[in-house]
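What follows is each chain in one-letter form.
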Amino acid sequence: MPRRPVQYWLMKCEPDVFSYEHLERAPKKTTMWDGVRNYRARNFMRDQMAVGDGVLYYHSNADPPGVAGIAEVASEPYPDPTQFDPKDSHFDPKSSPEEPRWWLVDVRAVQKLERFVSLAELKEHPELSEMGVCQRGNRLSVQPVEAAEWRVVRRLGGLSG
DNA sequence: GCCAACGTTGGC
DNA sequence: GCCAACGTTGGC
């Protein structure tokens, strides 16, 4: 069974909540990407992500917003445990372990960018204009990224390849 | 702090 | 199934 090619993603997180530096210091440099409660974002994680996929770790609601580091998908999709916890702010009473509504993957830090690449800088590059994050009003917290876009962002961030 | 864009909810 | 109201996101 041939493995599908690596795919690329952009995942948003508020750095005040969990920055790229937080991820680097986490056990195994890995965290559960919990709390996503948007169906499109969930579908990307549940249906399309595979271990080893590349992730642009994006700082949203930040000054400035932008891509801080490279991460990777570090688990198969599995149900988000916070949906079952009545004490958790992401509790979903309509979900059940038998029929979980919300899914996530683990994300592992790979390499911090040599240079932070701000949203303003992303927008300066016409070859990145199709990226969701460059489009006005796009609030999706998990987005697919084209391989060509991935390479451009890496290069802007001072990484080779 | 403002507000545009979007997603969700709930009345009908 | 429509759509107005409301809540959230997130850049500015």
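Structure's up top.
First things first, this report covers the structure right here in the doc. (Residues numbered from 1 in each chain as written. Chains lettered and ligands numbered in written order. Predicted model: local features only at pLDDT ≥ 70, side-chain atom pairs only at ≥ 80, totals over all residues. Heavy atoms only, no water.)

### Points about the environment of Gln 135
Put simply, the rule is: Helix and strand assignments come from DSSP, with helices taken as H or I runs of at least 4 residues and strands as E runs of at least 2, each series counted from the N terminus. For this analysis, a polar contact is any N or O atom pair within 3.5 Å, provided that within protein one partner can donate a hydrogen and the other can accept it, and provided that sequence-adjacent residues contribute only side-chain to side-chain pairs.
Assignment of secondary structure puts Gln 135 in the loop between α4 (119-123) and β8 (142-145). A polar contact of 3.2 Å, which involves the side chain of Gln 135, links it to the backbone oxygen of Ser 129.

### Focus: the pairing of strand β1 (residues 8-13)
Selection rule: Exposed residues in this analysis have more than 50% of their type's maximum accessible area, buried residues have under 20%, and partly exposed residues fall in between, with area computed by a 1.4 Å probe over protein chains only. For two strands to be treated as a pair, DSSP must find at least two bridges joining them.
The buried fraction of β1 is high, at six of six residues. Covered by surrounding structure in β1 are Tyr 8, Leu 10 and Lys 12 together with Trp 9, Met 11 and Cys 13, the residues of both alternating faces. Sheet topology places β1 next to strand β3 (residues 54-59); six bridges connect them, and they run parallel. If you follow Tyr 8 over to β3, its bridge partner there is Gly 54. Inspection of the sheet shows β1 paired to β8 by four bridges, in the antiparallel sense. Bridge pairing in β8 links Tyr 8 to Val 145.

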